[in-house]
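# Structural overview for review
These are the residues of each chain, in order.
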Amino acid sequence: MSSEQREGSQETTTTTVEGNGTIGGNNSHSAVAATLRATSTMASCQRLRLNPNNEHRPDTYEDLQLDFPNSVYSSLEKYLPPNMLVSNRDEKIKFMTDIMLRHLPHGERSRAQRHRDYRQKIISNYQPLHRELYTLVPTVCFVPSFLKAINESTEESFRNIISEPSPGVFVFDMLQPSFCEMMLSEIDNFERWVGETKFRIMRPNTMNKYGAVLDDFGLDTMLDKLMEGFIRPISKLFFSDVGGASLDSHHGFVVEYGKDRDVDLGFHVDDSEVTLNVCLGNQFVGGELFFRGTRCEKHVNTATKADLTFDYDHIPGQAVLHRGRHRHGARATTSGHRVNMLLWCRSSVFRELKTHQKEFSSWCGECFCEKRDEKVRSIDALRKKLFKARHTQA
Ligand SMILES: O=C(O)CCC(=O)C(=O)O
Ligand SMILES: [Fe+2]
């Protein structure tokens, strides 16, 4: 199979994520991007049945730490629709949890509070393996070239270490190999704990079945420092058009690919203004990122211009920085095990401003073309008008 064929099938096998306003489907000519969102923002449209199935013997949930009291799950089970009654326990839990979250009286217990409780449950039970990871020590974390550029913090110092192999995709060496190893073993340790305690964790986003949210097991403060002190200065220079200078919150997680993990990641845009993606390792084949130009919501499914297609091969320790709205995906990791750390950085100021704007020609490739074509058309019209006026005078 040629690389173009592989690429085509990945871009057209789409996932429609609820509530994102993008339409999925197969179209061999236009790329269709989903919006990848953090799991906690997902909604379900499933319903319970009106009359319970009293013959049904519910599962037991006592051995799990769940979002709602375990007994509620056993009691609610007999109200599940017939197709769910025969599902496995994990699917039933997810279904019932989604419904209960939707029906909580508004304001009684906010989503943020529930999420805080969830994190608290993890943090008070999970024993970290490498405590030094939880406070950001720049010399432990970063390679000297990156540290030097940050310390100088000038346009020149950043341009010395950062390349831009395709418009809007910035690449630089960032993490020390020893730091990557420490992160990998911490993640292994966390996953072992999840397996042993049967704790139900939220996955990082709506398209990955594996991976973990780093913020949920204590790394949020460290990642906030990473965003503020190290990613924001770079984003201020390269992504000022999407709020790069005012990044003020993040979603930090790892994705995992290979045997018994996710295989690839479909074509999508991130729920972020700026995305940092660093490969932690380890040995793997495949998994390349493919990029297809930056688009606003209105133009997310428009065709890709040839000069904006770009493929990137992951290298452990190396970072890729791009706009969240830069359409992309990850090809199949065909052997080995790939783990990448992602930091979706957001700007509340930019999001607020965006709601008052109609076009985004400073960063959306299609808005830019529309604006340029409109300008050409109006100059042309003016030229014709002037020519006609001169002609009539003569
Ligand atoms: O697999 C990768 O490296 C890409 C992950 C990604 O794009 C995402 O999680 O938003
Ligand atoms: Fe992404």
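Residues numbered from 1 in each chain as written. Chains lettered and ligands numbered in written order. Predicted model: local features only at pLDDT ≥ 70, side-chain atom pairs only at ≥ 80, totals over all residues. Heavy atoms only, no water.

You'll find the protein chain entered in an unreviewed UniProt entry as Oxidoreductase, with Arabidopsis lyrata subsp. lyrata given as the organism. Per UniProt, the protein chain has the following entry under Cofactor (unreviewed entry): "L-ascorbate". (UniProt positions renumbered as here; feature names shortened; annotations may be inferred.)

### Describing the overall build of the protein chain
Counting its secondary structure elements, the protein chain contains twelve helices and 13 strands. Across the protein chain, the fraction of contacts at a sequence separation of at least 24, relative to all contacts at a separation of at least 6, is 79%. (Helix = DSSP H or I, 4+ residues; strand = E, 2+ residues; numbered from the N terminus. Contact = heavy atoms within 4.5 Å.)

### Topic: the coordination of the iron ion (ligand 2)
For a metal with four donors in a tetrahedral arrangement, the ideal angle between donors is 109.5 degrees, while six donors in an octahedron ideally sit at 90 or 180 degrees. Taken together, His-268 (NE2), Asp-270 (OD) and His-328 (NE2) make up the protein donors of the iron ion (ligand 2), found 2.1 to 2.2 Å from the metal. Motif for the iron ion (ligand 2), donor spacing along one chain: H-x1-D-x57-H. The exposure class assigned to Asp-270 is buried, which follows from its relative accessible area of 4%. (Donors = N, O, S within 2.8 Å, 3.2 Å for Na, K, Ca; no water. Buried < 20%, exposed > 50% of the residue type's maximum accessible area, 1.4 Å probe, protein only.)

### Thoughts on the layout of surface pockets
Here the second largest pocket is characterised by a volume of approximately 310 Å³. As for the second largest pocket, its lining consists of 19 residues, and the residues nearest its centre are Pro-167, Thr-294, Leu-308, Trp-363 and Gly-365. Among the secondary structure elements, those contributing two or more residues to the lining of the second largest pocket are strand E9 (289–294) and helix H12 (365–393). When residues in the lining of the second largest pocket are grouped by element, the largest group, three residues, is from H12. Here the lining of the second largest pocket is composed, by residue class, of six nonpolar, seven polar and six charged. Looking at which domains feed residues into the lining of the second largest pocket, each of domain 1 (3–362) and domain 2 (364–394) supplies at least three. (1 Å grid on protein atoms, 1.4 Å probe; cavity = no way out; pocket = protein on both sides within 12 Å on 5 of 7 lines; lining within 4 Å. Points joined across faces, edges and corners; volume = space filled by probe spheres on them. Nonpolar A, V, L, I, M, F, W, Y, C, P; charged D, E, K, R; others polar. Domains from an automatic or database assignment.)

### A short note on the site of ligand 1
Taken together, 16 residues are adjacent to ligand 1, and Tyr-257, Asp-270, Asn-277, His-328 and Arg-338 come closest. Between His-314 and ligand 1, the recorded distance is 3.3 Å, taken from a side-chain N or O atom to an oxygen atom. Coverage of ligand 1 by the protein chains reaches 100% of its 300 Å² of free accessible surface. Using a 2 Å cut-off from the grid points, one finds that ligand 1 occupies the largest cavity. (Near = heavy atom within 4 Å. Polar contact = N/O pair within 3.5 Å; in protein donor to acceptor, adjacent residues only side chain to side chain. Areas by Shrake-Rupley, 256 points an atom, 1.4 Å probe, with all protein chains shown as cover. Sits in = over half its atoms within 2 Å of the grid points.)

### Looking at empty space enclosed by the protein
By rolling a water-sized probe across the atoms, one finds the places where empty space is left. This model, assessed by the stated rule, comprises two cavities of 30 Å³ or more. Put simply, the largest cavity is a space of about 130 Å³. If you trace the largest cavity, you find 20 residues lining it, with Tyr-257, Leu-265, His-268, Asn-277 and Leu-342 closest to the centre. Elements that contribute at least two residues to the lining of the largest cavity include exactly strand E5 (249–258), strand E6 (265–270), strand E7 (274–281), strand E12 (326–330) and strand E13 (333–346). Per element, the largest residue contribution to the lining of the largest cavity is four residues, and it comes from E13. Along its surface, the second largest cavity is lined by Val-242, Ser-272, Glu-273, Arg-323, Gly-324, Arg-325, Phe-350 and Lys-354. Partitioning the lining of the second largest cavity into residue classes produces two nonpolar, two polar and four charged.

### Brief notes about the pairing of E5
Of all the ten residues making up E5, nine are buried; the element is thus mostly covered by neighbouring parts of the structure. Two elements, strand E4 (residues 212–213) and E5, share two bridges in a ladder whose sense is antiparallel. The residue bridging Val-213 from the neighbouring strand is Phe-253, located in E5. Pairing geometry for E5 and E13, over ten bridges, is antiparallel. Paired with Ser-249 across the bridge in E13 is Arg-346. (Pairing = 2+ DSSP bridges.)

### With respect to the state of the cysteines
Evaluated as defined, the whole model comprises zero disulfides. For Cys-141, which is in no disulfide, the shortest distance to another cysteine sulfur is to Cys-180 and amounts to 8.6 Å. For Cys-141, a relative accessible area of 2% puts it in the buried group. (Disulfide = S-S within 2.5 Å.)

### Quick word on helix H4 (residues 89–103)
Relative to the 21 Å expected for 15 residues at 1.5 Å per residue, H4 spans 21 Å between its end C-alpha atoms, a close match to the ideal helical length. Residues of H4 that are buried: Lys-92, Ile-93, Phe-95, Met-96, Thr-97, Asp-98, Ile-99 and Met-100. Against helix H2 (70–76) and helix H3 (82–85) lie the buried residues of H4. Among the residues of H4, the N-terminal cap falls to Asn-88, whose side-chain oxygen and the backbone nitrogen of Asp-90 are separated by 3.2 Å. (Expected span 1.5 Å × (residues − 1).)

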